[in-house]
Amino acid sequence: MDVFLIIIVCVLALLLMYVNVYLLALYCHPEDGGFGSSFFCKIVVVLGLTLSWCQTLMLTLDVTNERNQQGLDMHLCWIIIYISVFVMLVFLIPIAIFYYESDDEKPICQRITLTLVQEFMVLVFAFLTIFLTYFWLRDALVPVTVQVQDATLQFQSSELDLNIDTFTITEEKQDHIATTIDPITFTIGLMCFLGYFFLILYGGIGMVALPLDLVCSYGTRPVFKSAAQATEKKNRLKRVVAQMIGYAKKLRDMEKDVKCASGWWSKRKQNSKVEKKYQKLVAAVSELEEECEIFLLELDIGNANPLVYIFKLLLGIILFIITLTWLLHILLYVIITIDGIPFSPWLNKLFIQLDAYNVAFLSVFFFGLFTLYLLWCVTKGNLVFSMPWIFKFHPMKINETWMNSFLFNIVLILISSVALCHFSTCVFSQYTRLTTVDLLFGTQIKYLKIFSWAFENKVFEYSLFSWTIFAGIIQMILKCRKPKLIDQIDQRKKNLKGNYEIELKELFLK
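Being a predicted model, the structure only gives us computed values, none of them experimental.

Undergrad: Can you tell me about the overall build of the chain, naming the residues and giving the values?
TA: Each helix and strand in the chain was counted, giving 16 helices and six strands. Here the analysis covers contacts within the chain between residues at least 6 apart in sequence; of these, 79% occur between residues at least 24 apart. Of the roughly 28,900 Å² that the chain leaves accessible, carbon and sulfur atoms contribute 65%.

Undergrad: Tell me about the UniProt feature "coiled-coil region" (unreviewed entry) in the chain, and name the residues and values.
TA: Under the UniProt annotation, the feature "coiled-coil region" (unreviewed entry) is placed at residues 271–298. Annotation note: span residues 271–298, helix share 100%, strand share 0%, distance between end C-alpha atoms 40 Å.

Undergrad: Kindly report on the pattern of salt bridges, identifying the contributing residues and their values.
TA: All chains considered together, the criterion is met by three salt bridges. Residue Glu 66 pairs with Arg 67 through a salt bridge whose shortest N-O separation is 2.6 Å. A relative accessible area of 31% means that Arg 67 is categorised as partly exposed. Where Asp 355 meets Arg 67, a salt bridge forms, and the shortest distance between an N and an O atom there is 3.0 Å.

Undergrad: Before we move on, could you go through the packing of aromatic side chains and cite the residues and values that matter?
TA: The geometry of an aromatic ring pair is captured by two quantities: the separation of the ring centres and the angle between the planes. This structure, assessed with the given rule, holds 25 aromatic pairs. With 6.1 Å between their ring centres and 70° between their planes, Trp 326 and Phe 370 make a pair best called edge-to-face. Of this pair, Trp 326 sits in helix H8 (residues 306–335) while Phe 370 sits in helix H10 (residues 360–385), and the two are 44 residues apart along the sequence. With respect to burial, Trp 326 and Phe 370 carry one shared label: buried. Relative to Phe 366, the ring of Phe 365 has its centre 5.3 Å away and its plane inclined at 70°; by these criteria the two rings are edge-to-face. Residue classification places Phe 366 among the partly exposed residues on the basis of a relative accessible area of 31%.

Undergrad: Explain a positive patch on the surface residue by residue, including any values.
TA: Taken together, the side chains of Lys 249, Arg 252, Lys 256 and Lys 259 present a region of like positive charge at the surface. With respect to the helices and strands, the residue Lys 256 is situated in helix H6 (residues 227–260).

Undergrad: Any details on the nonpolar core? Residues and values, ideally.
TA: If you look at the biggest cluster of nonpolar residues, it comprises 104 residues, and the most contacted ones within it are Tyr 82, Val 85, Trp 326, Phe 423 and Phe 428. At 15 residues, helix H5 (residues 183–219) tops the list of elements feeding residues into this core. Setting aside anything within four residues of it in sequence, one finds Tyr 82 in contact with Gln 55, Ile 188, Met 191, Val 418, Cys 421, Leu 440 and Phe 441. With 11 residues, the next largest nonpolar core counts Leu 251, Leu 281, Leu 288 and Phe 295 among its residues.

Undergrad: Let's hear about the packing of H10 against helix H11 (residues 403–427): which residues, and what values?
TA: In contact at an axis separation of 10 Å, H10 and H11 are set at 150° when each is read in the N-to-C sense. It follows that H10 is roughly antiparallel to H11 by the angle criterion. For the element pair H10 and H11, the recorded crossing hand is right-handed. Two secondary-structure elements touch here, H10 through Thr 371, Leu 374, Leu 375, Val 378, Thr 379 and Asn 382 and H11 through Asn 409, Leu 412, Ile 413, Ser 416, Ser 417, Leu 420, Phe 423 and Ser 424. Here the contact of H10 with H11 is built from residues that sort into seven nonpolar, seven polar and no charged.

Undergrad: A description of the confidence of the model for the chain should follow, citing residues and the corresponding values.
TA: With 82% of its residues at a pLDDT of at least 70, the chain reaches an overall mean of 81. The low-confidence segment residues 387–391, where pLDDT is below 50, has nine contacts with residues more than four positions distant or belonging to other chains.

Undergrad: So what about helix H2 (residues 39–68)? Which residues, and what values?
TA: An ideal rise of 1.5 Å per residue puts 44 Å on 30 residues; H2 measures up with 42 Å between its terminal C-alpha atoms. The element H2 is largely enclosed, with a buried count of 22 among its 30 residues. Positive backbone phi, at 50°, marks Gln 69, one or two positions downstream of H2.

Undergrad: Break down unusual backbone geometry for me, citing the residues and quoting the values.
TA: The residue Leu 434 is not glycine, and still its phi comes out positive at about 70°. Considering the arrangement of structural elements, one finds Leu 434 in the loop between H11 and helix H12 (436–444). Despite not being glycine, Lys 458 shows a phi value in the positive range, around 55°. Within the secondary structure, Lys 458 sits in the loop between helix H13 (452–456) and helix H14 (459–477). Look at Lys 458 and you get partly exposed, because its relative accessible area is 26%.

Conventions and cut-offs
Residues numbered from 1 in each chain as written. Predicted model: local features only at pLDDT ≥ 70, side-chain atom pairs only at ≥ 80, totals over all residues. Heavy atoms only, no water. Helix = DSSP H or I, 4+ residues; strand = E, 2+ residues; numbered from the N terminus. Contact = heavy atoms within 4.5 Å. Areas by Shrake-Rupley, 256 points an atom, 1.4 Å probe, with all protein chains shown as cover. UniProt positions renumbered as here; feature names shortened; annotations may be inferred. Salt bridge = Lys/Arg side-chain N within 4 Å of Asp/Glu carboxyl O. Buried < 20%, exposed > 50% of the residue type's maximum accessible area, 1.4 Å probe, protein only. Phe/Tyr/Trp six-rings, centres within 6.5 Å; stacked < 30°, edge-to-face > 60°. Patch = residues over 30% accessible without salt bridge, like charges linked within 9 Å, V, L, I, M, F, W, Y side chains within 5 Å. Lys, Arg positive; Asp, Glu negative; His and termini not counted. Charge placed at Lys NZ, Arg CZ, Asp CG, Glu CD. Core = buried A, V, L, I, M, F, W, Y, C linked by side-chain atoms within 4.5 Å. Axes fitted to C-alpha atoms, helices over the stretch in contact; angles between N-to-C directions. Parallel < 35°, antiparallel > 145°, perpendicular 65-115°, else oblique. Left-handed = near helix turned anticlockwise from the far one by under 90°. Nonpolar A, V, L, I, M, F, W, Y, C, P; charged D, E, K, R; others polar. pLDDT = per-residue confidence, 0-100. Expected span 1.5 Å × (residues − 1).

Here you go:
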């Protein structure tokens, strides 16, 4: 086994594990923080995200194993991965959701019993669905080309010599070989078929939203105050605070004068003036406090490194290029065909040529990059589509996401990752040829009766391409949203009157 490949896979696995934990910490609601009752849910979330990323790493490992004849049993590895995915989808995640949503005021035994009853219903539904569909739709019709040939036999020195050039095709016809798929492979196919709907939905949104958000964050970046501007604003606020204190002292002296005044009418008149000035002073102090808070928020933003926004811009441009490359590859290799042959192999040719030039690690790297990017887009699309202003069912918001919403969306991402593996083997079929995953998806699952019509007619590839274009146009038309903190600052600035200093000065000079 290639030691370099093992090191790269392990480093990527650790890095992706860290990213999963970071996403959990970023979106988790503060009341779900720590190691309380939701600790088991957090473990399930991290495992679910890790399994989704792990499948893309397995693709690169499978390709390398087939190219270098490493002897690793990839069929067993894929079966273990997809059994783990199935267990997560129908057992661990539902149990975590049911237990999390149970009444925490009830005894723990009662909560566990209720959770197990609900999980039993889920298992019955899942296995009943699989059993019924498998019983009726377990057959696959694999297309084959039958050729009847005639050959001229030449005998030399009592040895049979078959000269290929002398063979002539007398008959050729298309036929099918009927085969029965085992239950595990059928279940994988069923998960793949269901996952395609979420892959198209989230992947199409994320392929544009991911780079667009990075570019827009640069366009809506805050205008950083210089040190001189910040010092000037700080000195002004100090001066205004000193004036407020002076006005408050004057007001206190005026209250003393009211008490010493003679006559009921005179006291009432002076007290009315004092009360009016007091109300104005309170309103001015309140606005000054608001202005000071806004200034502190601006200082916090100003402390951010401007290079961060430049990095986001550059990264957004790079990701836009990757998105356009993905779309161009789908267009040239899948959509445009001439007599059933792809118009251009595009990325397939690039990866194969890198293999031929003895830089196979680059072909594996770029292949892994494109598959990981697509899964990243699926995750981004899930976050965008579940926003409260788009889709209010289990929304994902930073620091406001409850664990049951997390778990629900992990189900969608996890089942999408199964379809993503099949999609990658289809659009990179020349590069992944003869790999274990290609034989699994391209020979068995592809020709199942229930799925063959969609796979043979490229329904999912067409849908992803068209939905990405449509979703991209809609997202580009919409105005880029400002960061939440900057939007709050702008809104609070609009609510400020800004003339309280002049009003107070005129009022106390009267």
